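Examining the three-dimensional arrangement
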Amino acid sequence: MGSAGRRFWVVTACALCWSVVATALSIVSTSHHCRQHFAALQDLQARQWQLQEQRGKLLLQESTLAAHQRVEGLARRELGMRLPTLHELEVVLP
């Protein structure tokens, strides 16, 4: 094998070594980004769970506050409202 053949193999080996190093660094970088995105996903899922729990509590509170008996009681106590008597009713025809 001559000088040119030996030089070819040395250059090829160096190129392969650099390719392996570049691929390894690429894998490390990709793994790091993947871990970062997975951590962000877990944080968002935890936040979603908290928001769903809060929404459920708010829906329960809304249904409690809008209950017919509660609204009628507030109207009587705070606004002094009452049901009209038969003599106070007026029928309006279209």
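Below or above, wherever it landed, is the structure these notes cover.

What counts, and where the lines are drawn
Residues numbered from 1 in each chain as written. Predicted model: local features only at pLDDT ≥ 70, side-chain atom pairs only at ≥ 80, totals over all residues. Heavy atoms only, no water. Helix = DSSP H or I, 4+ residues; strand = E, 2+ residues; numbered from the N terminus. Expected span 1.5 Å × (residues − 1). Phe/Tyr/Trp six-rings, centres within 6.5 Å; stacked < 30°, edge-to-face > 60°. Buried < 20%, exposed > 50% of the residue type's maximum accessible area, 1.4 Å probe, protein only. Salt bridge = Lys/Arg side-chain N within 4 Å of Asp/Glu carboxyl O.

We now examine helix H2 (residues 68-79). Compared with an ideal rise of 1.5 Å per residue, which puts 12 residues at 16 Å, H2 spans 16 Å between its outermost C-alpha atoms and is within 8% of the ideal. One or two positions beyond H2, positive phi appears at Gly80, with a value near 70 degrees.

Let's shift gears to the packing of aromatic side chains. Throughout the structure, instances matching the rule amount to 1 aromatic pair. Measuring from centroid to centroid gives 5.2 Å for Phe8 and Trp9, while their planes differ by 75 degrees, and the two rings are edge-to-face. Using a relative accessible area of 52% as the deciding quantity, one classes Trp9 as exposed.

A few words on the pattern of salt bridges. Taken as a whole and judged by the stated rule, the model has 3 salt bridges. For Glu72, the salt bridge goes to Arg76, with nearest N and O atoms at 2.9 Å. Of the two residues, Glu72 and Arg76 are both situated in helix H2; the distance of 4 residues between them amounts to about one turn of the helix. Its relative accessible area of 32% is what places Glu72 among the partly exposed residues. Assessed through its relative accessible area of 41%, Arg76 is described here as partly exposed. Residues Glu88 and Arg82 are paired through a salt bridge, measuring 2.8 Å at the closest nitrogen-oxygen approach. By relative accessible area, which is 41% here, Glu88 ends up partly exposed.

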